[in-house]
Amino acid sequence: MEIKPKRKLTEVLFLAALLLGAFVALMPFLYMVANSLKTYGETVTRVSSNPFSPRFWPRKLQWNNYLTIIRDDNMGHYFSNSLIIALITVSGIIATSTLAAYGFSKMRFPGRDRIFTVLLVTLMIPETVLLIPNFLIISSLRWVDRLAALTVPFMGSAFFIFFLRQFFKQIPDALMEAAKIDGASHLTILVRIMVPLIRAPLFTVFFLAFNGSWNALQWPMVVTQSDRWRPISVAVAKYVTEAGPETQLRMASAMVALAPILVIFLIAQKQITEAITNTGMKG
Amino acid sequence: MKKAIMLLSILALLTGFLFAGGGNEGASSAKAYDTVDPSGQTVVFWHASSKLHGEALEKIINEFNSTNEWGITVVPEFAGYYSDIYNKMTTAIAGNSTPDLVVGYQNSAASFQLSDTLVDLNGLVNNKAWGLSKEDRDDFIMDFLDQDVNAQFGGQRLGFPPNRSVQMTYYNQTWLEKLGFEAPPQSWDDFYAVCKAATESAGDTYGYAISTDASNIFAMVVSRGGSVLNKDQTLYTLNTPEMKDTMTFMKKLYDDGYGRKIAEKYGDQTDFGVGKVMFTTSSSAGIPYYDKAVMGSEKPFEWSLYAGPHSTKKPTLNLYGPSVSICKSTPEKELAAWLFLKHYTNTASQTEWVKATNYYPVRKSVKDSLSSYLVENPKYAESFEVLLNSDGYSEPPFIGWDEIRDMLDAGFNAILDGAAIEKTLIDMEMEANDIMASSAP
Amino acid sequence: MYGRGKLTLGKLKERYKRLNTDYEGFLFIAPACLLIFIFGIFPVFYTLYISLFKWRIKRGAFLGLANYGELFGSYGILLLLAAAVMAVIGGTLLLNGREKRREKNHSSPLRGLLIGGKAAQAAGWIGLILLLPLIYSRGDKKLLDSLRVTIWYSLGTVPFQLLFGLTLSIMLNREFKGRQAFRVIYLLPYVVPSVAAATVFERLFSLRPESFANQVVQSLGKAPLQWLQEPKGLLTLWFGWGTGESYLQTWLQGPSLALATIMIFNWWVFAGYYALIFSNGLSQIPTQLYDAAKVDGAGFWTTLRNITIPMLSPTTFFLTMLGIIGTFKAFNQIYILRNPAARGATDPLSIQIFFTFFRKSRFGYASAMALILFAIVLALTVLQQRLMSKDVHYGD
């Protein structure tokens, strides 16, 4: 097929924009990679903000930094803690949010929209304010230093309900009414008909919730009092002293902590971005 | 609407009743510990020492646990960096679940004491049976210990220091000698001259990386014999001749191009490491980092550190460091916690601690037991010597000082950018005293 | 019951509703609501409670509304403020009541309610605006200063993030080789720990003449700037505006350069995230629509205007709303980049609240501030929902 000159120009511009954007987006990651392989001295004196400059990179790759991180006796423990916490939290979020989002968009009951507005209100409260009341609740439940303290408070999320509700609303009611006439219960409709249609948003919820749980730092620090359930984010925060940060170790541990997030995203993103070709939906 | 407001207030009140309980029935400082038996107690220590520091601390604790005659057990718990510990303590105080020992800076301890959480250590330090002996008192550097006596709380002793650091001036020795100076400048005028020579020497170089941080402002003011508080420590005095001199001097240095602002976090270390700047100011605990920075650069050079220029007779330094506080609980636990603090600050423990952290010990006798370490680490030895021959002053231990620190930093920057010195200082003094008044206990 | 009067559309709707009520719905929302109530709503009441006390880590003396009085300058101002807010709310309620009554009875114009409602609203708004300088001179300066920062920050980030996010998601919606890789790359600034992102950014926007940002500035023939360490407003730097001390003057300064730099950082971090959410919206658009448009010979822009943007409106609404809420309580992005040198000029209300909590240990006062922030965001959300619900295309 012959490409017209104007067409070609747009293609070139498109590609240029795409690459430029990618370069800008890659910067922090490249910086992390490069600095995780430097000596401390190099992180301070061998610096550049241009990845094409040799000064951006270490003279000699210091794989030792990673060994130091991994050899830390608790790293594996922290890692599995984080995984357990994240998976439990995410499952909880998906279950409660899907149910509620369906209820708020596809079922009619008195006060529905008013309750929803009240839930939205919770998105507006600064976290600083929540810290102390929530700690008091956790300690009166005797959950301090327990898995429940790290998971249960995050299982109800107005954000994800709101997010999923937007997608439920886009699904025509006709689909549901048909099933209803066949005698299907709401739960059946939700699981059999609705969930497959909002698969993409659900994967997004999975990814975003996982990311949020994985990176949480302040709350875990406050409600844990031993290493029993401490997550990996705490380990990453360890490399700061009064005199300065061990930048290279911080970056290396950040890399280790980032790996699962990237893996999850790779798994989820194919689902997230797959366009719906299902003919069950009309526009 | 009315109904909603009613409902709101009822809910708010209910909320309050739910959590209002739990007064503080901790022991008072006047209590005698003479007849208390600390045997078999377990005390929890929230600390901020990770990695090498954490290992050293654990070693000290293990030794105490296995050798102390009362069978006391100390349980160390890494509770994050100081800001994390602060948050954790705040919530713990609200929930009545404080640890027995907690590390923190003096102004944090003051915040905790707002709710009467901490033990006034005067009662333990001065106790005949358990307190410090005559030999201890001669050995401890009392200036260090007295930093924890807080004027905002009627002279209560809210903590006990395991270590201290000071603000020092780092310099490029190779370059200094090349410029024909034998020793680093002792007066501010000489300092200016060296900065000028360094800037004019070659290429894109300059004399001093101006740290606009409040610690540095404080250090520069005390080096001129000034202070940021009035005599009875009730008001901030920021419009003093010493403060004006400091600002005027730095403004000139900056305008002449001999001093530059620090461009980004640790940007001063960057410029020092590549040989672009002659002087920087930093904590004495930064020695190993500077060492690595210079060694990691393309052209390593000889460098050193000293007390910096001063117009006082003896060099005067900004002295700082966290202390360990004891939280109120039972007399037995409080005493057990104190006995561990005594162990933590004994000569043997201090020696181990210094080797791992490069902090300064709080006992003079540690100098002897450190002898081989001092030989291996000449820069540390040098700076320790400087410290022992200087006067140390500490920043105000008051609530709200963190906010005033930010204000000082901003004001210094504004002056460098052209704001009128006198007016800026007057405004800052007023605001500082407002902050002091609104945050005082 | 339905015998009286005509069978109007409204009545028909009511009857339909009655037939279609699913009380089971309460069961569906119960788990989430319970959790959110305990850990999200209950703390608001606790905060309200704290704000009525002198509360320094632990509860002290009961102060009533003194914390609010200190914030706004005096009880008198507080009273005036409450009156103004009530006037706005009251006016709105009157207008709403009029709408409802008109729905039932088309003939009556209810002019009295119309005039009364509008007048109350207008009086309320004018009162609020006139009170601002008074609050600024008598009350806590930081309250209005940080609110101004918050508003600039919101205006300077949300629209741009939407624009970048939408552009990215449309670019990545095309079929081309390596698309998946680009998707991952564009999300990196969002998932990379903020310490790493902030350190790179600090270097790119450092005040050194040789930094990336200053190279750009100098290539345009201008002098290097101080970026994150510059508290001066953009309009002051460009036009010399806003050098006076009055409240109006503070607005003429524009956002500080330091704040603008943080805004750029925000675009960078969130563009990929917005694109991800937009992609979700895009994936829910049935491909048949595009096929049909293709058959009709519609070009890229036509398709964009007539299909993509309208079909994305629920997503756009969602992101705008969260964007505004997010910027009003934004903390992390600003906290990691704020430099004391630009003190105040980069600190929105959320940061001031944090500092009042943790640096001054004034929990009561901080709680009062937090509730004001909360009230403002609440008002904005209500306003936004009213404005947007008219335009949002939900597809049903």
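## Quick word on the interface of chain B and chain A
For step 1, the next point in the chain: With 36 residues of chain B at the interface, the matching set in chain A holds 33 residues.
For step 2, the next point in the chain: Roughly 3,000 Å² is buried in total at the junction of chain B and chain A, and carbon and sulfur atoms are behind 58% of that figure.
For step 3, the next point in the chain: Across the chain B-chain A interface, the total number found is five salt bridges.
For step 4, the next point in the chain: Summed over the shared surface of chain B and chain A, the result is 10 residue pairs in polar contact (both at pLDDT 80 or more).
For step 5, the next point in the chain: Elements with a contribution of two residues or more to the side of chain B that touches chain A: α2 (51-67), β2 (73-78), α3 (82-94), α12 (267-273) and α13 (287-295) of chain B.

## Regarding the packing of helix α5 (residues 112-121) of chain A against helix α2 (residues 25-50) of chain C
For step 1, the next point in the chain: Running from N to C, α5(A) and α2(C) cross one another at 30 degrees; their axes reach a closest spacing of 10 Å. As α5(A) packs across α2(C), the resulting crossing turns out to be left-handed. Contacts between α5(A) and α2(C) involve A:Ile115, A:Val118 and A:Leu119 from the former and C:Phe26, C:Ile29, C:Cys33, C:Ile36 and C:Ile41 from the latter.
For step 2, the next point in the chain: Classifying every residue of the contact of α5(A) with α2(C) by side-chain character gives eight nonpolar, no polar and no charged.

## Details of the packing of aromatic side chains
For step 1, the next point in the chain: For the coordinates displayed, the defined rule picks out 87 aromatic pairs over all chains.
For step 2, the next point in the chain: Note on A:Phe162 and C:Phe317: the rings are 6.3 Å apart at their centroids and 85 degrees apart in plane angle, and the pair reads as edge-to-face. Within this pair, whereas A:Phe162 is found in helix α8 (residues 158-170), its partner C:Phe317 is found in helix α15 (residues 313-328), the two belonging to separate chains. Note on accessibility: A:Phe162 and C:Phe317 belong to one class, buried.
For step 3, the next point in the chain: On the basis of an interplanar angle of 35 degrees and a centroid distance of 5.0 Å, the ring pair of C:Phe239 and C:Trp241 is categorised as tilted.
For step 4, the next point in the chain: Over the face of the ring belonging to B:Trp303 we find B:Lys379, whose NZ or CZ atom lies 4.3 Å from the ring centre.
For step 5, the next point in the chain: Between C:Arg359 and the ring centre of C:Phe355, over which it is positioned, the NZ or CZ distance is 3.9 Å.

## A closer look at helix α9 (residues 188-201) of chain B
Residue and element names in this part refer to chain B.
For step 1, the next point in the chain: Its 14 residues give α9 an end-to-end C-alpha distance of 20 Å, which sits within 8% of 20 Å, the value for a rise of 1.5 Å per residue.
For step 2, the next point in the chain: Where α9 is buried, its residues meet α8 (173-178), β7 (206-210), α10 (214-222), α11 (241-255), β9 (277-283) and β10 (303-306).
For step 3, the next point in the chain: Trailing α9 by a residue or two, Gly203 shows a phi angle of about 60 degrees, which is positive.

## Some points on the packing of helix α6 (residues 127-140) of chain A against helix α17 (residues 349-358) of chain C
For any two helices packed against each other, one specifies the crossing angle of their axes together with the interaxial distance.
For step 1, the next point in the chain: Interhelical geometry of α6(A) versus α17(C) gives an angle of 40 degrees and a closest axis separation of 9 Å. On the basis of the axis angle, α6(A) is oblique to α17(C). For the pair α6(A) and α17(C), the contacting residues are A:Thr128, A:Val129, A:Leu131 and A:Ile132 in the first and C:Phe354, C:Phe357 and C:Phe358 in the second.
For step 2, the next point in the chain: For the contact of α6(A) with α17(C), a count of residues per class yields six nonpolar, one polar and no charged.

## Remarks on the environment of C:Leu166
Residue and element names in this part refer to chain C.
For step 1, the next point in the chain: With respect to the helices and strands, Leu166 occurs in helix α6 (residues 141-173).
For step 2, the next point in the chain: Taking the C-alpha atoms as reference, Leu166 lies 27 Å from Leu378; in sequence the two are 212 residues apart.
For step 3, the next point in the chain: In contact with Leu166, not counting residues within four places along its chain, are Phe278 and Leu312.

## Side note on the interface of chain A and chain C
For step 1, the next point in the chain: Between chain A and chain C, the residue contacts involve 98 residues of the former and 85 residues of the latter.
For step 2, the next point in the chain: Between chain A and chain C, the buried area comes to about 8,400 Å², and carbon and sulfur atoms account for 74% of it.
For step 3, the next point in the chain: Connecting chain A to chain C are two salt bridges.
For step 4, the next point in the chain: Between C:Lys329 and A:Glu127 there is a salt bridge, and its shortest N-O distance comes to 3.6 Å.
For step 5, the next point in the chain: On the surface where chain A and chain C come into contact, there are 11 residue pairs in polar contact (both at pLDDT 80 or more).
For step 6, the next point in the chain: Within the residue set of the side of chain A that touches chain C, elements represented by two or more residues are α1 (5-36), α4 (75-106), α5, α6, α8, α10 (186-197), α11 (199-215) and α14 (247-273) of chain A.
For step 7, the next point in the chain: The element that contributes the greatest number of residues to the side of chain A that touches chain C is α1(A), accounting for 15 residues.
For step 8, the next point in the chain: Among the residues making up the side of chain A that touches chain C, the classes are represented as 67 nonpolar, 22 polar and nine charged.

## Comments concerning the domain arrangement of chain C
All names here are of chain C.
For step 1, the next point in the chain: When the domains of chain C are assigned, the result is domain 1 (57-139) and domain 2 (142-389).
For step 2, the next point in the chain: For the pair domain 1 and domain 2, the summed buried surface comes to about 1,300 Å²; carbon and sulfur atoms form 69% of the total.
For step 3, the next point in the chain: Among the residues of domain 1 in contact with domain 2, Ile57, Leu71 and Tyr136 are the three that bury the most area, contributing 47% of the side total.
For step 4, the next point in the chain: In this assembly, domain 1 and domain 2 are joined by one salt bridge.
For step 5, the next point in the chain: With its nearest N and O atoms 3.0 Å apart, the salt bridge here joins Glu70 to Arg362.

## Considerations on the nonpolar core
For step 1, the next point in the chain: Core analysis: the largest hydrophobic core is formed by 272 residues, its most contacted members being A:Phe207, B:Phe45 and B:Trp338.
For step 2, the next point in the chain: Top contributing element to this core by residue count: helix α12 (residues 257-283) of chain C, with 15 residues.
For step 3, the next point in the chain: Among the nonpolar cores identified, the runner-up in size contains 44 residues, and B:Val194, B:Tyr208, B:Phe218 and B:Ile415 belong to it.

## Points about the pattern of salt bridges
When charged atoms on two side chains of opposite charge get close, those side chains can pair.
For step 1, the next point in the chain: This structure, assessed with the given rule, holds 43 salt bridges over all chains.
For step 2, the next point in the chain: A salt bridge links A:Lys106 to A:Asp173; the shortest N-O distance between them is 2.7 Å. Of this pair, A:Lys106 sits in helix α4 while A:Asp173 sits in helix α9 (residues 173-181); the two residues are 67 residues apart in sequence, bridging distant segments of the chain.
For step 3, the next point in the chain: Taking the relative accessible area as the measure of exposure, A:Asp173 reaches 26% and is therefore partly exposed.
For step 4, the next point in the chain: Salt bridges linked by common partners bring A:Arg46, A:Arg55, A:Arg59 and B:Glu298 together as one network.

## Thoughts on the domain arrangement of chain A
All names here are of chain A.
For step 1, the next point in the chain: With domains assigned, chain A is organised as domain 1 (5-62) and domain 2 (73-273).
For step 2, the next point in the chain: Listed per partner, the contact involves nine residues of domain 1 and 10 residues of domain 2.
For step 3, the next point in the chain: Summed over both partners, the interface of domain 1 with domain 2 comes to about 770 Å²; 80% of that surface belongs to carbon and sulfur atoms.
For step 4, the next point in the chain: Of all residues in domain 1, the largest losses of buried area upon contact with domain 2 belong to Met32, Ser36 and Tyr40, amounting jointly to 59% of the total for that side.
For step 5, the next point in the chain: The interface formed by domain 1 and domain 2 includes zero salt bridges.
For step 6, the next point in the chain: Linking domain 1 with domain 2 are zero residue pairs in polar contact (both at pLDDT 80 or more), by the criterion used here.
For step 7, the next point in the chain: Of all the secondary-structure elements, those providing two or more residues to the side of domain 1 that touches domain 2 are α1 and α2 (40-45).
For step 8, the next point in the chain: The element contributing the most residues to the side of domain 1 that touches domain 2 is α1, with six residues.
For step 9, the next point in the chain: Of the residues in the side of domain 1 that touches domain 2, the class split is five nonpolar, three polar and one charged.

## Overview of a nonpolar patch on the surface
Residues and elements named next belong to chain C.
For step 1, the next point in the chain: On the surface, Leu237, Trp238, Phe239, Trp241, Leu248 and Leu252 cluster together into a nonpolar patch covering about 670 Å² of accessible area.
For step 2, the next point in the chain: Breaking the nonpolar patch down by element, the ones donating at least two residues are α10 (234-239) and α11 (247-252).
For step 3, the next point in the chain: Of the residues forming the nonpolar patch, the biggest block, three residues, is contributed by α10.
For step 4, the next point in the chain: Residue position: Leu237 is located in helix α10.
For step 5, the next point in the chain: Assessed through its relative accessible area of 36%, Leu237 is described here as partly exposed.

## Here we look at the environment of B:Asp409
For step 1, the next point in the chain: Locating B:Asp409 in the fold gives a position in helix α19 (residues 401-416).
For step 2, the next point in the chain: The spatial distance from the C-alpha of B:Asp409 to the C-alpha of B:Ser372 is 40 Å, given a sequence separation of 37 residues.
For step 3, the next point in the chain: Here B:Asp409 is in contact with B:Thr212, B:Asp213, B:Ile217, C:Pro340 and C:Ala341, once residues within four sequence places are set aside.
For step 4, the next point in the chain: Here the side chain of B:Asp409 touches B:Thr212 through a polar contact of 2.8 Å, side chain to side chain.
For step 5, the next point in the chain: Polar side-chain contacts of B:Asp409 include one of 3.0 Å to the side chain of B:Asn413.

## Notes on the confidence of the model for chain C
For step 1, the next point in the chain: In this model, chain C carries an average pLDDT of 87, and 94% of its residues clear a pLDDT of 70 or more.
For step 2, the next point in the chain: Mean pLDDT values for the elements of chain C range from 70 in helix α1 (residues 9-19) of chain C up to 95 in helix α3 (residues 66-72) of chain C.

About the thresholds
Residues numbered from 1 in each chain as written. Chains lettered and ligands numbered in written order. Predicted model: local features only at pLDDT ≥ 70, side-chain atom pairs only at ≥ 80, totals over all residues. Heavy atoms only, no water. Contact = heavy atoms within 4.5 Å. Buried area = accessible area lost by both parts, 1.4 Å probe. Salt bridge = Lys/Arg side-chain N within 4 Å of Asp/Glu carboxyl O. Polar contact = N/O pair within 3.5 Å; in protein donor to acceptor, adjacent residues only side chain to side chain. Helix = DSSP H or I, 4+ residues; strand = E, 2+ residues; numbered from the N terminus. Axes fitted to C-alpha atoms, helices over the stretch in contact; angles between N-to-C directions. Left-handed = near helix turned anticlockwise from the far one by under 90°. Nonpolar A, V, L, I, M, F, W, Y, C, P; charged D, E, K, R; others polar. Phe/Tyr/Trp six-rings, centres within 6.5 Å; stacked < 30°, edge-to-face > 60°. Buried < 20%, exposed > 50% of the residue type's maximum accessible area, 1.4 Å probe, protein only. Lys NZ or Arg CZ within 6 Å of the ring centre and 35° of its normal. Expected span 1.5 Å × (residues − 1). Parallel < 35°, antiparallel > 145°, perpendicular 65-115°, else oblique. Domains from an automatic or database assignment. Core = buried A, V, L, I, M, F, W, Y, C linked by side-chain atoms within 4.5 Å. Patch = residues over 30% accessible without salt bridge, like charges linked within 9 Å, V, L, I, M, F, W, Y side chains within 5 Å. Areas by Shrake-Rupley, 256 points an atom, 1.4 Å probe, with all protein chains shown as cover. pLDDT = per-residue confidence, 0-100.

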